[in-house]
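Descriptive analysis of the structure
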There are 2 protein chains.
Amino acid sequence: MAITLGKNNSGAAEFSSVGRSIPRVEARAKVTGKAEYVHNLRLPGMLYGKVYRSTVAHARLHSIDVAAAQAMPGVHAVYTAADIIKLIPEPYYGPAFHDQPILAIDKVHYVGEPVALVLAADPHVAEAAAQLIVAEYEELPAVFDEVEAMTSKAVVHEVLKPAGTFPDLKHLKDKRDTNIALDFHLRRGDAQKAFAEADYVFEHTFRTQQVLHLPLEPFVTVADPTPNQLVIHTASQSPSFVRIEIARLLGWPENKVRVKVPYLGGGFGAKLYIKLEALVSAAALIAGRPVKIALTMEEQFYTLTKHATTLRIKSGVSKDGKITARECEVWWNGGAYADIGPRITQKSGFTAAGPYDIDHVSIDSYALYTNLPPAGALRGFGIPQLVWAYESHTDLIAKGLNIDPLAIRRKNILREGRPQATGTVMRDAGIAPVLECLAQRMAWEKPFDQGSGTIRRGRGIAIGFKASISPTTSVAIVNVGADGSCMVHCSTVDMGQGSDTAMAQIVAEALGIPVASVTLVHPDTDVTPYDMATLGSRSTYHMGHAVKLAAEDARDKLLALARDVGLSAETTPIPDIFRKKYGMQAGNIVGIGSFIPPYTPPEPGTGLTQDATPFWMIGATGAEVEVDTETGEFKITRLVNLVDVGRPVNPAIVETQISGATIMQLGFTLSERMDFDAGQVTNASLADYKIPGIRDIPAVMENEAVDMVQKSGPFGAKGVGESGTFGVSPAIASAIDDAVGVRLTSLPLTAEAVYRGLRANAGKPLKG
Amino acid sequence: MAITLGKNNSGAAEFSSVGRSIPRVEARAKVTGKAEYVHNLRLPGMLYGKVYRSTVAHARLHSIDVAAAQAMPGVHAVYTAADIIKLIPEPYYGPAFHDQPILAIDKVHYVGEPVALVLAADPHVAEAAAQLIVAEYEELPAVFDEVEAMTSKAVVHEVLKPAGTFPDLKHLKDKRDTNIALDFHLRRGDAQKAFAEADYVFEHTFRTQQVLHLPLEPFVTVADPTPNQLVIHTASQSPSFVRIEIARLLGWPENKVRVKVPYLGGGFGAKLYIKLEALVSAAALIAGRPVKIALTMEEQFYTLTKHATTLRIKSGVSKDGKITARECEVWWNGGAYADIGPRITQKSGFTAAGPYDIDHVSIDSYALYTNLPPAGALRGFGIPQLVWAYESHTDLIAKGLNIDPLAIRRKNILREGRPQATGTVMRDAGIAPVLECLAQRMAWEKPFDQGSGTIRRGRGIAIGFKASISPTTSVAIVNVGADGSCMVHCSTVDMGQGSDTAMAQIVAEALGIPVASVTLVHPDTDVTPYDMATLGSRSTYHMGHAVKLAAEDARDKLLALARDVGLSAETTPIPDIFRKKYGMQAGNIVGIGSFIPPYTPPEPGTGLTQDATPFWMIGATGAEVEVDTETGEFKITRLVNLVDVGRPVNPAIVETQISGATIMQLGFTLSERMDFDAGQVTNASLADYKIPGIRDIPAVMENEAVDMVQKSGPFGAKGVGESGTFGVSPAIASAIDDAVGVRLTSLPLTAEAVYRGLRANAGKPLKG
């Protein structure tokens, strides 16, 4: 029963706890329906809030008539910006820009923007009352397209207000008459000269549609104004940020705001930064009672989305397929509020030229405001859009030069030790190994049956990579009890990705105790120390390091305690060590870990840096499709997804991360698209907006971790949550092209688009 | 707004935060009715438990008929020991002995012992059903008196089962046929020889009655069997102990048990160790649903009490009043279960000879089992009973030798640097200063109006001292946010004594930030590290040290961080230091503090030790009374209470601790007494058991902290929660004697007893 400290396996090839597919620590709670979610939370005296939203895309807000709503029996109060401003004089929030008002002030910027809030003890009363609110608008010209937004006279925000958190936005402070929230430029070598000297120059433009995260748990927040603290229970991926931002809005010290996060029913980047928290907090403080807002599925469409993009990509290529120069221009449709869009624009800009060894690179990446629902981080942080473009482009070059798609990639692939576009030298980046593994798994160099008659078969491959977000900080506490079991305090949010299990395994390994003896505490800013956020596949690496350091600190202190009392920690059960020191089963050993990786910000102007990321994520997909040449309908008969996962902490969970990411990207590739009419989403329901169901999964789907070692990672691990998304879209598009010679350049890939392509190829284009 | 690290005042004479009477941090929550208490907690699906209790004092338990209770509509279940044993094969708990069963097994040991538990969703149903339970008993001879228990053939427990936590109980393992749960013996010099050589020998016997704590919040516990942990919400002074003990009972690791404690509505020692927690936890696990038990006021009388005692004290004295030898025999009536009684017996044994410099000391102290409700720690941990005896005895010696009570104390007082009975040399113990201060405040050496006619006036003084509990451990975490505000994790329970405020002041002082920037988290074993318990006035000293060490650790790390980024921590606002390091408002600095004072256990046999306690508590009381010689009625016209508080952390809170302790002891001195009939409490209600009301407070009551410095204490502080109790009883008894020549030797001091004394003095004793 009694736990004795195991060996420290840090340097070992074999681990005791890490690398094993143990069941998730929260599995029992979830399958028994007992896992805590904010949706279940009811507090005494709690009011429910319902949001009244803008019905126009861009307008001055002349008046809001809330009289009828206020008069409805059971309504506690109706708040507008005028009420918020009494509590918070500058009620604007956002991670990059302080651009988003808690409720619309003077102007509305998109259809669905929160304008007023109704509070009632009965949520149905609040909902009915919200429908009685009438706002008077003076409409303004609106801009919806990201490329038009570059030059449009319709300006979304009159003045830009950077939040001050990101140094590279400082130059935009108080800038007027622009929709450009960030322009990132990278210059390596001399692309223009190289184009002039190239044998061939290829140029294509690709587009991606606006989609959204749609976690099955919609946004939900409860704020409880207790006498000493404002306590916020929220489905958030970034409790530390919420605390800091709400404290800033209120002008309070951080420790007067407490943010508690139980399990999340998915996040995918939607539940980052401030979503409902500012509105719910303000309402609770004004009402002096707990307030809950739980959005509907429909309201998710008005809250946060993924950037639509336009990507122009141009390459100079030698006769034998060597890419000598590449120029990329990317326009990110950020919608009405910047959210973390500028960071996506910059970070994805690092890798917009693809995982290729190209001497001359020019990248321009623009974050743009438009009058659409705001866009932010979504699994992949912009990378799937880029890979879609550069890998489609790669295959078009191959086709143009009649080179095999694998051969052109082998020729240009960015190998270990070579500098990437930013100048950062590639380390522990399994790009070539993942490509070779894919080639083998796809039997690429063996004959492929192309079908015949009306059913044609094709195949495609694609590979992408991503830099991690940097620099970001994680802090953790590991508290070992006198019986050798321990508590871990870390603010990483388990939103379904299994982080609680992975952290428990890392702590167990570093301390030298069984995984079952490790318990994680839910994120709670009064308890769990700072973590930047659970995003960008950073937790296993960053928080993994922090909990490992904390566990090692605790281990060192335990060893010191044993020495102090003249015992050997490696042969004496832990309780006996404590007992010798403290006279009884008493005391705790507390270890602290704080981790921030080295980082060199990109040089202004060139965008170059020697230290772009602490680790690289690599994902590749191979697709085989069957296309019906009579209808354009196609089905994916095989999908192979390979990811460099470093050394997996929990192989079973890693596999579900790869398959989950792949299937999510499959939705964005094949069916998901927000449709708009003058800025109004016209398909804001799960009936009209089609996410993949079990019948949409390819019959053969293989997800495999390419087991490398991330030497700088905790026990060799790296992040794996997003890499599965990278290659899906272009691999399928290339497979379709391979099958029937139709190259699609816009997502989603639909049967209709294929059919139009077939008709055009046949010289009989469809109209309209 | 931004916080800059202040100076470190550790060595200074003037402090910024410590020493100020700031309002309590929880004041607003309490006065607005928003403070959290366990009584308010309702969980979904929760069942209420009602206990069926033994109606006899000592009996074999033949059968329990629960059929009628079980059949009552609305009853979920009825549990007896047979059900508990299926979950917990050895369901015995206790801090010193594993003697107390969760529900009675085979035998009952006192009237009121829990025998069965009814669970129902409606607490009224549970209560009604509990009344339908019928148990069949075979009564056994019972013992109620502590002196009789020494030799009685009625043996409460057949076998003694020490818990193994206290080494000095080990020799009692498996001992049979004894009611002695601990015998402590101290031998210093040769008392018998000194008695033989003394000019005079005085010997008296004193008694104290059984009383109880009666916090206005009765015992209450909720246990919630969540999938991963058993979560216990309980009104406990010892969350760390509850976690360890419940885990031990269940055979679980500590981290599978989570104990959460919000504010307490008083504790006074009652809410220590296991009270309801084991029963509620077992019931919740068996039922698979949350269970709550909230005792009534009446049930407090059956749960934990304060020891009745018999004390025999004998002194050898020279003609001029020098005490040369002292022998004490103390019998502690522990009731049916030992609880912490053996520890009281030993610890108070250290000081049973009083705060006097006596060369020859012999102390025998016995913890005894009887068939009464169990007795445990109550504010003072046995010391008020001892001071009652030795200070009454001192005045009887003075009277016998015709020496002034102040003069005999001055002659014998234990002065700084002299060894106390255990051999421990007195340091930072303001015994003589407190005595001198009392003499001055009472104007002792000035004429005193003794009254005339039927109203006679008298006065008395008394002084006592106490060793702190040792060795005990406290651990704390101080987590500084990027804005310079901080969270403190410590398991000290604020039960009304103001510890949250004191800890905030100590942390603020040690870190160098404002008190308002410090927030304490409620004790929660998943969050707040180990602390032995909130008892024995140990928190200010022990946890005060731990939070100070943690704050200093955090301060050192902040200074290192500043140096690391090339800034001066003393001129740069804290947020700027973090921002320079982490690129944004990010990160935490976490400091750890762990404190255990040096301690040398007493030698077996002699009871001597050089290191009995980390600090001494000293309290003295002066009383002036008016006695009606016709009726024996008396009133206290003035009560002066002086306490050596070290350097007070918060003078206003210290003053309320002195007055609270004094008034509590006033209740035990004048009115409180549990009355028994064959072991059945006959006055188990606040109507019949009289605690002091506002009209019982003396018209003139002066409470004063004698401001010394406890050099080993955090910022010079020491514990102050109990010292006010020490001198109250004997000072009043001596004042009555001084007024009318009646010396009472049993508590409480009643008008009837005085009247009997007056009649006896007049040669006309009352019968009966």
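Take the environment of Ser315 of chain B next. Residue and element names in this part refer to chain B. By the secondary structure assignment, Ser315 is in strand 16 (residues 308-317). Put simply, Ser315 and Phe202 are 113 residues apart on the chain and 5.2 Å apart in space, counted from C-alpha to C-alpha. Setting aside residues no more than four positions away along its own chain, Ser315 makes contact with Val201, Phe202, Ile323, Ala325, Arg326, His393 and Ile397.

Overlaying chain A on chain B yields an RMSD of 0.0 Å, the required transformation being a rotation through 180° with an accompanying axial translation of 0.0 Å. Put plainly, the chains are arranged around a two-fold axis. No C-alpha of chain A lies nearer the rotation axis than that of Val527 of chain A, which sits 3.1 Å from it. Mapped onto chain B, 100% of the interface residues of chain A are again interface residues, and the two copies thus contact each other with one and the same surface.

Time to look at the pairing of strand 14 (residues 291-294) of chain B. Regular strands have side chains that alternate between both faces of the sheet. Residue and element names in this part refer to chain B. By the alternation rule, side chains of strand 14 split into Val291 and Ile293 and Lys292 and Ala294, which are all buried. In this sheet, strand 14 lies alongside strand 1 (residues 47-53) in parallel orientation, the contact comprising two bridges. By the bridge assignment, Leu47 is partnered in strand 14 with Val291.

All names here are of chain B. Packing of helix 11 (residues 383-401) against helix 18 (residues 728-740) brings their axes to within 8 Å, and their N-to-C directions diverge by 30°. In this view, helix 11 runs roughly parallel relative to helix 18, as classed from their interaxial angle. Considering only the axes of helix 11 and helix 18, their crossing is right-handed. Contacts from Pro384, Val387, Trp388, Glu391, Ser392 and Asp395 of helix 11 reach helix 18 at Ser729, Pro730, Ala733, Ser734 and Asp737. Of the residues assigned to the contact of helix 11 with helix 18, the class counts are five nonpolar, three polar and three charged.

At the interface, 42 residues of chain A touch 42 residues of chain B. Looking at the side of chain A that touches chain B residue by residue, the classes come out as 21 nonpolar, 16 polar and five charged.

Turning our attention to the pairing of strand 2 (residues 59-65) of chain B. Residues and elements named next belong to chain B. Pairing analysis gives two bridges linking strand 2 to strand 6 (residues 107-108), with the strands arranged antiparallel. Paired with Ala59 across the bridge in strand 6 is Val108. For strand 2 and strand 8 (residues 134-139), the ladder comprises six bridges, and the chain directions are antiparallel. Note on strand 8: the bridge partner recorded for Asp65 is Val134.

In this section: the sheet that holds strand 12 (residues 230-234) of chain B. Residue and element names in this part refer to chain B. With mixed pairing, the seven strands of this open sheet are ordered in space as 3-7-1-14-11-12-13. Pairing within the sheet leaves two strands with one partner each, and these edge strands are strand 3 (75-80) and strand 13 (257-260). This sheet shows a mean twist of 20° between the axes of neighbouring strands, independent of strand direction. Bridge analysis of strand 11 (residues 220-225) against strand 14 gives four bridges, and the strand direction is antiparallel. If you follow Ala223 over to strand 14, its bridge partner there is Val291.

Moving on: the environment of Gly464 of chain A. Residues and elements named next belong to chain A. Mapping Gly464 onto the fold places it in strand 21 (residues 455-467). Each C-alpha atom of the pair Gly464 and Tyr390 lies 8.8 Å from the other, and the pair is 74 residues apart in sequence. Apart from residues lying up to four places away in sequence, Gly464 is in contact with Pro355, Ile383, Val387, Glu391, Gly619, Phe726 and Gly727.

This brings us to the domain arrangement of chain A. All names here are of chain A. Here chain A is described as being made up of domain 1 (27-35 + 472-595), domain 2 (44-141 + 213-300) and domain 3 (305-469 + 603-761). Taking only C-alpha atoms, the centre of domain 1 and the centre of domain 2 are 36 Å apart. Classifying every residue of the side of domain 1 that touches domain 2 gives eight nonpolar, five polar and four charged.

What counts as what
Residue positions within a chain follow its written sequence, with the count starting from 1. Lettering for chains starts from A, numbering for ligands starts from 1, and both go in the order in which the items are written. Per-residue local features are limited, in this predicted model, to residues with pLDDT of at least 70; the limit for side-chain atom pairs, both in listing and counting, is 80 or more; totals at the level of whole chains, interfaces and linings are taken over all residues. Only runs of H or I of at least four residues qualify as helices and only runs of E of at least two qualify as strands under DSSP, and these elements are numbered from the N terminus. C-beta atoms are first placed from the backbone for all residues, and any pair lying within 7 Å is then listed as a contact. The fit set for superposing copies consists of C-alpha atoms from residues with pLDDT of at least 70 in both; the fit itself is least squares. In this scheme every C-beta is placed from the backbone, and a residue whose C-beta has 20 or more other C-beta atoms within 10 Å is buried, one with 12 or fewer is exposed, and one in between is partly exposed. When DSSP locates at least two bridges between a pair of strands, those strands are taken to pair. Axes, fitted as lines to C-alpha atoms, cover a helix only where it is in contact. Angles between the N-to-C directions of the axes lie from 0 to 180 degrees. Here the word oblique covers every angle except those under 35 degrees (roughly parallel), over 145 (roughly antiparallel) and from 65 to 115 (roughly perpendicular). Crossing chirality is assigned from the near helix's rotation relative to the far helix, an anticlockwise turn below a right angle marking it left-handed and a clockwise turn marking it right-handed. When residues are grouped by polarity, Ala, Val, Leu, Ile, Met, Phe, Trp, Tyr, Cys and Pro land in nonpolar, Asp, Glu, Lys and Arg in charged, and all others, Gly among them, in polar. The domain boundaries here were taken from an automatic or database domain assignment.

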